[in-house]
Number of protein chains: 2
Amino acid sequence: MTRGTTDTRASEPRTSEARQRLLSTATQIFYADGIHAVGVDRIIAEAKVTRATFYRHFPSKDDLVVTYLQEVHQMDRGAITAAIAAHSTAADSLLAIADTIAAGIKRPGFRGCAFLNAAAEFPDVNHPVHQQIIAHRQWFLDTLTTLMAQVAEDSSDAAARHFVMLRDGAMAAGCLFDPDLVVDTFMRGIEGLVRIHGQREQATQ
Amino acid sequence: MTRGTTDTRASEPRTSEARQRLLSTATQIFYADGIHAVGVDRIIAEAKVTRATFYRHFPSKDDLVVTYLQEVHQMDRGAITAAIAAHSTAADSLLAIADTIAAGIKRPGFRGCAFLNAAAEFPDVNHPVHQQIIAHRQWFLDTLTTLMAQVAEDSSDAAARHFVMLRDGAMAAGCLFDPDLVVDTFMRGIEGLVRIHGQREQATQ
DNA sequence: CGAACTTTAGACCGAACGTTCTACCCGCTA
DNA sequence: TAGCGGGTAGAACGTTCGGTCTAAAGTTCG
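Residues numbered from 1 in each chain as written. Chains lettered and ligands numbered in written order. Predicted model: local features only at pLDDT ≥ 70, side-chain atom pairs only at ≥ 80, totals over all residues. Heavy atoms only, no water.

## What to know about the UniProt feature "DNA-binding region" (unreviewed entry) in chain A
Phase 1: Following the UniProt record, the feature "DNA-binding region" (unreviewed entry) maps to residues 39-58 of chain A here.
Phase 2: Helix makes up 70% of residues 39-58 of chain A and strand 0%. Its end C-alpha atoms lie 14 Å apart. (UniProt positions renumbered as here; feature names shortened; annotations may be inferred. Helix = DSSP H or I, 4+ residues; strand = E, 2+ residues; numbered from the N terminus.)

## Comments concerning the nonpolar core
Phase 1: Residues F30, F163 and F186 of chain A together with F30, F163 and F186 of chain B are the most contacted members of the largest nonpolar core, which totals 132 residues.
Phase 2: Leave out the neighbours within four places in its chain, and F30 of chain A touches I35, V38, I43, K61, L64, V65 and Y68 of chain A. (Core = buried A, V, L, I, M, F, W, Y, C linked by side-chain atoms within 4.5 Å. Buried < 20%, exposed > 50% of the residue type's maximum accessible area, 1.4 Å probe, protein only. Contact = heavy atoms within 4.5 Å.)

## Observations concerning the protein's contact with DNA strand C
Phase 1: Of all residues adjacent to DNA strand C, which total 19 residues, the nearest are S16, R56 and H57 of chain A together with V40 and R51 of chain B.
Phase 2: Put simply, 55% of the atoms of DNA strand C that lie within 4 Å of the protein are in sugar or phosphate.
Phase 3: Residue S16 of chain A places a side-chain N or O atom 2.8 Å away from a phosphate oxygen belonging to DNA strand C.
Phase 4: Note that a phosphate oxygen of DNA strand C is positioned 2.7 Å from one of the side-chain N or O atoms of H57 of chain A.
Phase 5: For the surface near DNA strand C, the elements supplying multiple residues, two or more each, are α3 (51-57) of chain A together with α2 (40-46) and α3 (51-57) of chain B.
Phase 6: In terms of residue count, α3 of chain A provides more of the surface near DNA strand C than any other element does, four residues in total.
Phase 7: When grouped by side-chain class, the residues that make up the surface near DNA strand C number eight nonpolar, six polar and five charged. (Near = heavy atom within 4 Å. Polar contact = N/O pair within 3.5 Å; in protein donor to acceptor, adjacent residues only side chain to side chain. Nonpolar A, V, L, I, M, F, W, Y, C, P; charged D, E, K, R; others polar.)

## Considerations on the packing of helix α8 (residues 156-173) of chain A against helix α8 (residues 156-173) of chain B
Each packed pair of helices is defined by two parameters, the angle between the axes and the distance between the axes.
Phase 1: Taken N-terminus to C-terminus, the directions of α8 of chain A and α8 of chain B make an angle of 100°; their axes are 7 Å apart at the nearest point. In terms of orientation, α8 of chain A and α8 of chain B fall into the roughly perpendicular class. Only H162, M165, L166, D168, G169, A170 and A173 of chain B of α8 of chain B make contact with α8 of chain A, whose side of the interface consists of H162, M165, L166, D168, G169, A170, A172 and A173 of chain A.
Phase 2: Residue composition of the contact of α8 of chain A with α8 of chain B, grouped by class: nine nonpolar, four polar and two charged. (Axes fitted to C-alpha atoms, helices over the stretch in contact; angles between N-to-C directions. Parallel < 35°, antiparallel > 145°, perpendicular 65-115°, else oblique.)

## So, the UniProt feature "domain: HTH tetR-type" (unreviewed entry) in chain A
Phase 1: The sites that UniProt annotates as "domain: HTH tetR-type" (unreviewed entry) are residues 16-76 of chain A.
Phase 2: Annotation note: span residues 16-76 of chain A, helix share 77%, strand share 0%, distance between end C-alpha atoms 23 Å.

## So, the relation of the copies chain B and chain A
Phase 1: The two copies are related by a screw motion: chain B maps onto chain A through a turn of 180° and a shift of 0.0 Å along the axis, at an RMSD of 0.0 Å. Seen this way, the second copy is the image of the first under a two-fold rotation axis. The C-alpha atom lying nearest the rotation axis in chain B is that of G169 of chain B; the distance is 1.9 Å.
Phase 2: Counting the interface residues of chain B, we find that 100% of their copies in chain A are interface residues as well, pointing to one common contact surface. (Least-squares fit on C-alpha atoms with pLDDT ≥ 70 in both.)

## Topic: the protein's contact with DNA strand D
Phase 1: Neighbouring DNA strand D are 19 residues, the closest being V40 and K61 of chain A together with S16, T53 and H57 of chain B.
Phase 2: A distance of 2.7 Å separates a phosphate oxygen of DNA strand D from a polar atom in the side chain of S16 of chain B.
Phase 3: Taken together, the elements giving at least two residues each to the surface near DNA strand D come down to α2 (40-46) and α3 of chain A together with α3 of chain B.
Phase 4: In terms of residue class, the surface near DNA strand D is made up of seven nonpolar, six polar and six charged.

## Points about the interface of chain B and chain A
Phase 1: Contacts between chain B and chain A engage 37 residues on the former and 37 residues on the latter.
Phase 2: For the chain B and chain A pair, buried surface summed over both sides reaches about 2800 Å², with 72% attributable to carbon and sulfur atoms.
Phase 3: At the boundary of chain B with chain A, the tally comes to zero salt bridges.
Phase 4: Inspection of the chain B/chain A interface yields six residue pairs in polar contact (both at pLDDT 80 or more).
Phase 5: Of all the elements in the fold, those that place two or more residues in the side of chain B that touches chain A are α1 (17-33), α6 (114-121), α7 (128-151), α8 and α9 (179-204) of chain B.
Phase 6: The element contributing the most residues to the side of chain B that touches chain A is α8 of chain B, with 10 residues.
Phase 7: Classifying every residue of the side of chain B that touches chain A by side-chain character gives 21 nonpolar, nine polar and seven charged. (Buried area = accessible area lost by both parts, 1.4 Å probe. Salt bridge = Lys/Arg side-chain N within 4 Å of Asp/Glu carboxyl O.)

## Remarks on the packing of aromatic side chains
Phase 1: Counting across every chain of the model gives eight aromatic pairs over all chains.
Phase 2: The interplanar angle of 80° and the centroid separation of 4.8 Å between the aromatic rings of F54 of chain A and Y55 of chain A together place this pair among those described as edge-to-face.
Phase 3: Note on F54 of chain B and F58 of chain B: the rings are 5.8 Å apart at their centroids and 40° apart in plane angle, and the pair reads as tilted.
Phase 4: Among the residues examined, F54 of chain B registers a relative accessible area of 0% and is labelled buried.
Phase 5: Through a chain of ring-to-ring contacts, the aromatic side chains of F54, Y55 and F58 of chain A assemble into a single cluster.
Phase 6: Sitting above the plane of the F140 of chain A ring, R167 of chain A keeps its charged end 5.4 Å from the centroid. (Phe/Tyr/Trp six-rings, centres within 6.5 Å; stacked < 30°, edge-to-face > 60°. Lys NZ or Arg CZ within 6 Å of the ring centre and 35° of its normal.)

## A word on the side chain of T25 of chain B
Phase 1: Secondary-structure assignment places T25 of chain B in helix α1.
Phase 2: Discounting residues that sit within four places of it in the chain, T25 of chain B has contacts with I43, E46 and A47 of chain B.

## Comments concerning the packing of helix α4 (residues 61-85) of chain A against helix α6 (residues 114-121) of chain A
All names here are of chain A.
Phase 1: Axis separation between α4 and α6 bottoms out at 10 Å; the angle between their running directions is 155°. By the angle class used here, α4 and α6 are roughly antiparallel. The two elements α4 and α6 meet at a crossing, and its hand is left-handed. Contacts between α4 and α6 involve Y68, L69, V72, H73 and D76 from the former and A114, F115 and A118 from the latter.
Phase 2: Taken together, the residues that form the contact of α4 with α6 break down as six nonpolar, one polar and one charged. (Left-handed = near helix turned anticlockwise from the far one by under 90°.)

The following block contains the structure:
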């Protein structure tokens, strides 16, 4: 339905059974095992799809990788938007975002940040995959900067960068060390950061 | 010389011209372009060595990867040992280590932490490469914990983990964002951490 | 019905992968 | 002088890689 020929956004078979199976399978496998390490053969096998079907929906493996990261980006975006919407103050939103990150690290099968992992495999700055990574990180930093500015205008950029740095460290270490300890260290750092940054507000106003 | 037959540590041709060329070439290429992305062909070509020579010195590519990480580990170890030896107080040593990390991030061609990058490509915990990563990180954490304990016995574990988290975040972001800003954020965080942790000493003693 | 589209099944491509092999050369030392 | 180890040179192994192609079956809908 709504696939009428006169529809302005016609000729886009966005969701097809096979395409969706392909993408969700790729998302799982790429995240769990890395990108260069898994071939097209394995993805189409586990998605129960033929090679021809794969190349009908994705021009190349690289395109699938980009789409995979877009998928993860949408997930992250959704989770963070929800965390912000559920709280009235910016400080609470920041803590809720930290909670979301902490929950992710504790989840079984956690394998770090999909974007940091991809960056390790795609160092070429001009590569579409790398640019996807940069774009995601810029969005995340901007989101945090806006929230930090609502807590205290002063040095909100530095505070947001500090938040991102703790997050990156926690995400990187989360699958290389006891996740509980990592989350503990992370949450202490974030709470301290938000508190200190909040005190600036009272001092300057 | 000192390669006599009666020498107790004989029969170890540790350093051979070709082997060293092979290892240093692999170190550069693996760090710059990733591990799965580069083949044996390219390494032996750039090292100007034949395939047979490669397999004379390394049983497999995986062994070369492990040796590569051991090489980087020795470099890190050397730099940090030197930083500690050059300062009389533990607090100064910690700041010197941070300086070393900051200098690395600013260096052209910086491509993040070799171990974090390798971890992204070798998720299997039982894989020798992954275990090499774990071992390196444990050594680093232990080193920092010892120094933190010299600054203040109380909660030195948490302080060391905090240091590592900031380092991981800085190393991860250093090649995805303006390195100067990353280093700035990192150094502020470390200075604050060391200061706060140092104040604990006066409070408890 | 018949046209258009999606998917299946699988053969096929050239290239690159990690690895093994034979054959010969060279410099060392026993 | 003979032997041995490290090196070169290059062919070859079987497998997997990403990607293309053909032919046939199933679905949807005008």
